[in-house]
Amino acid sequence: MAETAAALRTVAYNVRAARLRAGLSLEELSRRAQVSKGALVGLEKAQGNPNLATLVRLADTLGISVSALMQGTTEARVRVVTEDAVAPLWTGERGSEARLMLTTSGPAPVEVWRWRLAPGEEYPSHPHQAGVVETVSVTAGRMTLVVDGTEHPLAAGQTATFDGDAPHTYRGEGTEPCRLIMTVHLPPGPASAN
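What counts, and at which threshold
- Residues numbered from 1 in each chain as written.
- Predicted model: local features only at pLDDT ≥ 70, side-chain atom pairs only at ≥ 80, totals over all residues.
- Heavy atoms only, no water.
- Helix = DSSP H or I, 4+ residues; strand = E, 2+ residues; numbered from the N terminus.
- Buried < 20%, exposed > 50% of the residue type's maximum accessible area, 1.4 Å probe, protein only.
- Polar contact = N/O pair within 3.5 Å; in protein donor to acceptor, adjacent residues only side chain to side chain.
- Phe/Tyr/Trp six-rings, centres within 6.5 Å; stacked < 30°, edge-to-face > 60°.
- Core = buried A, V, L, I, M, F, W, Y, C linked by side-chain atoms within 4.5 Å.
- Contact = heavy atoms within 4.5 Å.
- Pairing = 2+ DSSP bridges.

A few points about the environment of R32
By the secondary structure assignment, R32 is in helix α2 (residues 26-33). Judged by its relative accessible area of 19%, R32 is buried. Expressed as a C-alpha distance, the spacing of R32 and L69, which sit 37 residues apart in the sequence, is 17 Å. Within the structure, the side chain of R32 is placed 2.8 Å from the side chain of E28, a separation counted as a polar contact.

Next up, the structure:
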């Protein structure tokens, strides 16, 4: 419980700091990110329980990575992250999950995710800001990647890349769970005004 409270305080601090750096009021961030002002106020007070979709919308709007909202500062030259040490940011009803392992630093950060998709379970993602590019590498099993309504079947050993500013969905296929590594390449700089 203490870890959850500490993580929420970190997110609260990082959201507020990024909002102020971007020169956005609570009202403007709420409008652009399509997150209620009440939820945003609560989040900045370290209250509530934001879901993955909310964090993604806030990060996209602020022009930063999801992990930039979740992580404190790091001083180490090399970061090693163990999958079991990272809580899933999304879990499905059939055992699917998505874990944000880490985000690189620099002007155009890259998020590295580990996903497990149960057969028949899917995660629909809203479009990201312009300039976001996703890459999906299937390491075990099969999945269907749906981008802007077009289905792309992928099997172990295959990798796909696409512009993340279109609606997209990840769906597990077959009889065994699909495992994949996803990278999200973020554009440099803050998001432009909508």
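Structure's up, so let's keep going.
Brief notes about the packing of aromatic side chains
For any pair of aromatic rings, the description rests on two quantities: the centre-to-centre distance and the angle between the ring planes. Counted by the stated rule, this structure contains six aromatic pairs. Ring plane angle 10 degrees and centroid distance 6.4 Å describe the contact between Y123 and Y170, whose orientation is recorded as stacked. Here the residue Y123 occupies a position in strand β4 (residues 122-125), and Y170 occupies one in strand β9 (residues 168-173), the gap between them amounting to 47 residues. Among the aromatic residues, those joined into a cluster by ring pairs are W90, W113, W115, Y123 and Y170.

Side note on the nonpolar core
Judged by nonpolar contacts, the single largest core of 42 residues is most densely connected at L58, W115, M143 and Y170. With six residues, the top contributor of residues to this core is helix α4 (residues 52-62). The residues contacting M143, other than those within four sequence positions of it, are L117, V136, V138, H152, P153, L154, Y170, R171, G172, E173, C178 and L180.

Here we look at α4
Counting buried positions over the eleven residues of α4 gives nine, a clear majority of the element. Among the residues of α4, L52, T54, L55, V56, L58, A59, D60, T61 and L62 are the ones counted as buried. Phi turns positive one or two residues past the end of α4, at G63, with a value near 70 degrees.

Here's the deal with unusual backbone geometry
Not every positive phi belongs to a glycine, and Q34 is a case in point at roughly 55 degrees. Here Q34 shows up in the loop between α2 and α3 (37-44). The exposure class of Q34 is exposed, given its relative accessible area of 64%. A positive phi angle, close to 60 degrees, is found at A46, a residue other than glycine. Checked against the element boundaries, A46 lands in the loop between α3 and α4.

Describing the pairing of strand β6 (residues 142-147)
Most of β6 sits inside the fold, with five of its six residues counted as buried. Across six bridges, the pairing between β6 and strand β7 (residues 150-155) is antiparallel. Note that in β7 the partner of R142 across the bridge is A155. Counting the residues between successive antiparallel strands, the hairpin from β6 to β7 contains two residues, one of them, D148, with a positive phi of roughly 55 degrees. Judged from the six bridges that link them, β6 and β9 form a sheet pairing that is antiparallel. Its bridge partner lying in β9, R142 is registered against E173.

Don't take any of this as a statement about function, it's just geometry.
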